[in-house]
Amino acid sequence: MAALPVFRWRLAPDGYATRRQLRARGLRPGGQPVAATLERPRRRRPPLVAHLYRVDLAMPVRPMTPGRWRAHAAMMRARRTCPSCRHDAGYVIPASLGKCVPCAYPNEQRAA
Ligand SMILES: [Zn+2]
């Protein structure tokens, strides 16, 4: 693993931004690797680490098109669909259960 430059909190040089800072400027990392990290020391805990990207390598956010919204809706529908009973549970199936709650606990009494 290559050593990344580590900057102290608030001491990052110009030209670097976090993912959220890029987003605020209508940019995205665009596949570039993390260019540097920021560390904020914390008392008796490991430092808070922020990943920085290079602004000059960032790419514009791709606008949502009808096709992208359709794809997003299909993805969310798939996440709500229980693989056991194939029903849309109305919520994202928890990875810890892998199925909807009634399928995961078939013997539990149904709440009124
Ligand atoms: Zn189910």
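The rules behind each value
Residues numbered from 1 in each chain as written. Predicted model: local features only at pLDDT ≥ 70, side-chain atom pairs only at ≥ 80, totals over all residues. Pairing = 2+ DSSP bridges. Helix = DSSP H or I, 4+ residues; strand = E, 2+ residues; numbered from the N terminus. Contact = placed C-beta atoms within 7 Å. Core = buried A, V, L, I, M, F, W, Y, C linked by C-beta atoms within 7 Å. Buried ≥ 20, exposed ≤ 12 C-beta atoms within 10 Å, placed from the backbone. Domains from an automatic or database assignment. Expected span 1.5 Å × (residues − 1).

S.K.: Please set out the sheet that holds strand S5 (residues 45-54) residue by residue, giving values where relevant.
M.R.: Spatially, four strands are ordered S1-S4-S5-S2 in an open sheet, and the strand pairing comes out mixed. For this open sheet the edge positions go to strand S1 (6-8) and strand S2 (16-17), each flanked by a neighbour on one side alone. As defined by bridge partners, strand S4 (residues 36-42) adjoins S5 across six bridges and the pair is classed as antiparallel. Looking at S5, one finds that Glu 39 is bridged to Val 49.

S.K.: Give me the environment of Leu 22: which residues, what numbers.
M.R.: Along the chain, Leu 22 falls in helix H1 (residues 19-24). In sequence terms Leu 22 and Tyr 53 are 31 residues apart; their C-alpha atoms lie 8.3 Å from each other. Setting aside its immediate chain neighbours within four residues, Leu 22 contacts Ala 17, Leu 27, Arg 28, Pro 29, Tyr 53 and Ala 58.

S.K.: Residues and numbers for the pairing of S4, please.
M.R.: Two strands pair when backbone bridges link them, and S1 and S4 are joined in this way by three bridges, in the parallel orientation. Counted as the bridge partner of Arg 8 is Glu 39 from S4. Hairpin connection of S4 to S5: two residues between the antiparallel strands, including Arg 44 at a positive phi of 55°.

S.K.: Let's hear about the nonpolar core: which residues, and what values?
M.R.: Counting residues in hydrophobic clusters, the biggest one holds seven residues: Tyr 16, Ala 17, Leu 22, Leu 38, Leu 52, Tyr 53 and Ala 58. Counting residues per element, the ones that place at least two in this core are S2 and S5. If we skip the residues at most four places from it in the chain, Leu 52 touches Ala 12, Tyr 16, Ala 17, Thr 18, Val 34, Ala 35, Ala 36, Thr 37 and Leu 38.

S.K.: Describe unusual backbone geometry, with residues and values.
M.R.: Where the residue is not glycine, phi is negative for most of them; where a peptide bond is considered, it is trans in most cases. For Arg 10, which is not glycine, the phi torsion reads 70° and is therefore positive. In this fold, Arg 10 is placed in the loop between S1 and S2. Of note, the phi angle at Arg 44 is positive, near 55°, even though the residue is not glycine. Taking the C-beta count within 10 Å as the criterion, Arg 44 has 4 such neighbours and is therefore assigned exposed.

S.K.: Any chance you could break down the domain arrangement of the protein chain for me, citing the residues and the numbers?
M.R.: The parts lose accessible area when they come together, and the size of an interface is often stated as this lost area. Domain annotation of the protein chain identifies domain 1 (6-60) and domain 2 (66-104). The straight-line distance from the C-alpha centre of domain 1 to that of domain 2 is 33 Å.

S.K.: Quick rundown of the pairing of S5? Include the residues and the values.
M.R.: With two bridges connecting them, S2 and S5 associate as antiparallel partners. Looking across to S5, one finds that Tyr 16 is bridged to Arg 54.

S.K.: I'd love a proper account of helix H2 (residues 66-80), names of residues and values included.
M.R.: Here H2 contains 15 residues, and its C-alpha end-to-end distance of 21 Å stays within 8% of the 21 Å for a straight helix at 1.5 Å per residue. Of all 15 residues making up H2, only zero are buried, and the element is barely covered by its neighbours.

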